[in-house]
Amino acid sequence: MPTISRHVPRGDVLLHRGSDERIGVKWEQDRLDGAGYSPVNMKEWSAVLRMTSHGEEVLSVPCTCTSDGLAIASVSGDATDGIAATVGEWRIDAYGPDGQRVLMGWGYFEIAG
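Throughout what follows, the structure given in this document is the object of discussion.

### Some thoughts on unusual backbone geometry
Part 1: Even without glycine at this site, His54 takes up a positive phi of about 55°.
Part 2: Position of His54 relative to the elements: it lies in the loop between β5 (46-53) and β6 (56-65).
Part 3: When its relative accessible area of 78% is taken as the criterion, His54 is described as exposed.

Given below as structure tokens:
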């Protein structure tokens, strides 16, 4: 079965130190029937938000995956208080029931405050 993929664009996020934040991405695929895109059912998937600064992981948060293609990470204010770094990179990787790994989103982060 052929796989059609497209580039995952960068999405930068600004987090506020001490504030609860949510970072989420949505996965949609072309239905290949001329009717456009539809969400991927991710109920059987798991996903993780990872944040790194200067090559070191500073935060790892499991995501909630939904049937309408969303992977959502809830980052507590306490978690951002514990991060010394103020800038870095984030990414959300999803893992399918068959072991497949998919990069759902990535970008740079900044923690203000």
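### So, the pairing of strand β9 (residues 101-112)
Part 1: The pairing of strand β1 (residues 13-16) with β9 spans four bridges and is classified as parallel. Looking at the pairing, Leu14 lines up with Glu110 of β9.
Part 2: Following strand β8 (residues 87-95), the chain reverses through five residues before pairing antiparallel with β9; Gly99 in that reversal takes a positive phi of roughly 95°.

### So, the environment of Glu89
Part 1: Within the fold, Glu89 resides in strand β8.
Part 2: Overall, Glu89 belongs to the partly exposed group, its relative accessible area being 40%.
Part 3: Note: C-alpha distance between Glu89 and Gly107 (18 residues apart in sequence) is 5.7 Å.
Part 4: Apart from the residues within four sequence positions on either side, Glu89 is in contact with Arg50, Met51, Thr52, Gly107, Tyr108 and Phe109.

### Concerning the sheet that holds strand β7 (residues 70-75)
Part 1: The sheet built from seven strands is open, its strands ordered β1-β9-β8-β5-β6-β7-β2 with mixed pairing. Of all strands in the sheet, those bounded by a partner on one side alone are β1 and β2 (21-26). Taking the axes of each pair of neighbouring strands and ignoring which way they run, one obtains an average angle of 30° across the sheet.
Part 2: Relative to β6, β5 runs antiparallel, the two sharing six bridges. Bridge pairing in β6 places Val48 opposite Pro62.

### A short note on the state of the cysteines
Part 1: Tallied over the entire structure, the rule returns zero disulfides.
Part 2: The thiol of Cys65 is not disulfide-bonded; the next cysteine sulfur, from Cys63, is found 6.2 Å away.

### Remarks on the pattern of salt bridges
Part 1: Taken as a whole and assessed by the stated rule, the structure comprises five salt bridges.
Part 2: Ionic pairing is found between Asp12 and Arg10, a salt bridge with its closest N-O pair at 2.9 Å.
Part 3: What makes Arg10 partly exposed here is its relative accessible area of 47%.
Part 4: For Asp93, the salt bridge identified is with Arg91, shortest N-O distance 2.8 Å.
Part 5: The exposure class of Arg91 is partly exposed, given its relative accessible area of 30%.
Part 6: Salt bridges here are not isolated pairs; linked through shared partners, they connect Arg91, Asp93 and Arg101.

Calculation criteria
Residues numbered from 1 in each chain as written. Predicted model: local features only at pLDDT ≥ 70, side-chain atom pairs only at ≥ 80, totals over all residues. Heavy atoms only, no water. Helix = DSSP H or I, 4+ residues; strand = E, 2+ residues; numbered from the N terminus. Buried < 20%, exposed > 50% of the residue type's maximum accessible area, 1.4 Å probe, protein only. Pairing = 2+ DSSP bridges. Contact = heavy atoms within 4.5 Å. Axes fitted to C-alpha atoms, helices over the stretch in contact; angles between N-to-C directions. Disulfide = S-S within 2.5 Å. Salt bridge = Lys/Arg side-chain N within 4 Å of Asp/Glu carboxyl O.

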